[in-house]
Structures are given as C-alpha cells and as structure tokens.
Amino acid sequence: FRMFLSKLNQMGFTKNRVPSCIAMVVCPVATFYLFDTYTHNPFTSMDFATQLLNMVFFELVALFLFGVFRSVRWALMVESAVFMLAGLANYYVLSFRSAPIMPWDILSVKTAASVADNYDYSLEPRAMAVLAAFLVLLVIESRFKAKALGNWKKRLMFVLLPTVMIGGYTKMVQNDTFIREFGLYDKLFTPTVMSRRCGNTVAFLM
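Predicted model only: the values in this text are computed from it and were never measured.

1. Here we look at the packing of helix α5 (residues 72–97) against helix α7 (residues 125–141)
- Put simply, α5 and α7 touch, their axes get as near as 9 Å, and they point 170° apart. One finds that α5 runs roughly antiparallel with respect to α7. Across the interface between the two elements, R73, L76, M77, S80, A81, F83, M84 and Y91 from α5 touch A127, L131, F134, L135, L137, L138 and E141 from α7.

2. Side note on unusual backbone geometry
- Of note in this structure, R70 is not a glycine but carries a positive phi near 60°.
- Structurally, R70 is set in the loop between α4 (48–69) and α5.
- A residue is classified by how much of its surface remains accessible, and R70, at 39% relative accessible area, is partly exposed.
- Backbone geometry places S98, a non-glycine residue, at a positive phi of 60°.
- With respect to the helices, strands and loops of the structure, S98 is situated in the loop between α5 and α6 (109–114).
- Relative accessible area serves as the criterion here: at 56%, S98 is assigned to the exposed category.

3. Some points on the nonpolar core
- If you look at the biggest cluster of nonpolar residues, it comprises 46 residues, and the most contacted ones within it are Y38, F57 and Y169.
- Put simply, the parts of the chain that give this core at least two residues each are α2 (18–37), α4, α5, α7, α8 (152–173), α9 (176–182), α10 (191–198) and α11 (200–205).
- The leading source of residues in this core is α4, at nine residues.
- Residue contacts for Y169: discarding those within four places in its chain leaves L53, N54, V56, F57, L60, V202 and L205.

4. Section: the environment of L188
- Turning to its location among the elements, L188 is positioned in the loop between α9 and α10.
- Sequence spacing of L188 and A203 is 15 residues, and the spatial spacing of their C-alpha atoms is 9.0 Å.
- Once you skip the residues sitting within four places of it in the chain, L188 turns out to touch M102, W104 and M194.

5. Focus: the packing of aromatic side chains
- This model, assessed by the stated rule, comprises 13 aromatic pairs.
- Ring geometry for F32 against F58: centres 5.7 Å apart, planes inclined by 55°, an arrangement best described as tilted. You can see F32 sitting in helix α2 and its partner F58 sitting in helix α4, a full 26 residues away along the chain.
- We classify F32 as buried; its relative accessible area is 0%.
- For the pair F35 and F58, a centre-to-centre distance of 6.1 Å together with 55° between the ring planes defines the contact as tilted. With F35 in helix α2 and F58 in helix α4, this pair connects stretches of sequence that are 23 residues apart. F58 carries the same exposure label as F35, and that label is buried.

6. Observations concerning the side chain of Q51
- Topologically, Q51 is positioned in helix α4.
- Here Y33 takes part through its side chain, which lies 2.6 Å from a polar atom of the side chain of Q51.
- Among the polar contacts made by the side chain of Q51, one reaches the main-chain carbonyl oxygen of P42 at a distance of 3.3 Å.
- Not counting residues within four places of it along the chain, the set of residues in contact with Q51 comprises F32, Y33, P42, F43 and M46.

What counts and what doesn't
Residues numbered from 1 in each chain as written. Predicted model: local features only at pLDDT ≥ 70, side-chain atom pairs only at ≥ 80, totals over all residues. Heavy atoms only, no water. Axes fitted to C-alpha atoms, helices over the stretch in contact; angles between N-to-C directions. Helix = DSSP H or I, 4+ residues; strand = E, 2+ residues; numbered from the N terminus. Parallel < 35°, antiparallel > 145°, perpendicular 65-115°, else oblique. Contact = heavy atoms within 4.5 Å. Buried < 20%, exposed > 50% of the residue type's maximum accessible area, 1.4 Å probe, protein only. Core = buried A, V, L, I, M, F, W, Y, C linked by side-chain atoms within 4.5 Å. Phe/Tyr/Trp six-rings, centres within 6.5 Å; stacked < 30°, edge-to-face > 60°. Polar contact = N/O pair within 3.5 Å; in protein donor to acceptor, adjacent residues only side chain to side chain.

Dropping the structure here:
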C-alpha cells in the first residue's frame, strides 16, 4: 500500500491535489446538468445511461482543456463559461423558433445577428436559476489551483488523447448500430424531442 501511495505521489497525486482531482470529475458533470436544465429536466427526460453518455463528453472536454491550460481552475472555468453561454443561446433559439440550435445554424450566424434586435430576451425563472447556479459553479471552480506536472510530452498527451477520444465519441454517437443498440432517439424531424431524450450535446453531435 505504501508503494502504491509512493507511485501516486511521483505522478503528482499528492494529498493537497485530491480536491482538484475530485473537481475534475464532479464539475463537468454539474456543467452538463446545468447546460441541459436551461431547456428541460435531464433527470426525467433522459434515462440514466443516456445521462452517463453525455457526462463522458463533458469529462473529455475538461481533460482537453486541462491539457491546453495546464490548470484545473482554468480548464473547469472555461468549460463552464462556454456551456453557460452556449446553453443560454440555445435557450433563446428554442424560445424563438421552438427548435434547438442545429449544426447548420452556425452557417447563418450573420443572418441571426441582423434580426437579433427584434426579439424579447427576458428569462424565465428556471433559466435565471440555471444562470445563477452557473455563476456559483464558476466561483467554486476558481478555488482549485492544481496545475499539470511533468514534461511537455506528458502535457501534450492531455491535449491529443482527449482530442482523439472526442473524435471517436462523435463517430460513435453517429453510428446507426450504436444508436439502435443504445436506444437513442434519432428522429431528426423532431429536434426538440431529440434534444430532450438524448441531451443537447449528444443530439447536436448526432
């Protein structure tokens, strides 16, 4: 047991880094639930296996950002901030046209910006609560100061490996066999139902 602890210490997993390691697991999960809660209740609209599938993506993104910034604090805060804003944008798009953001909407950003002044941007109580919870999460994440150890090759691994895994993840959720066996809802003509049942992230990637 002592040898095992010694190996962990050599790898950088010291006692004072345990909270940061826990945060790297817990905070991306919290980000996922808040991101989806803007538009629906993920606990009731998705089965637990689908929730886990979404969580995996957020964990991979956190690992990628950790490799980029070499800091737990910045990795978690950037991920939460990006999905806080993306979720808010998706909330408004769903409110305006009764359909979530789709991949091809990226091509019409300029058109959307040109008519943006014609809409009402007030928030419902649930969306305000989610936004407030995101801000609390960002404050919590700012407390974790652990940084990556090791040479540049090891740090590069934290960038390349998650990148490859995110690519594989995307291919997987687009695979007809996986979709059928996992029981994902893939009816593209009902994107709102698709986002509720599969999660906003998985539905977008599908």
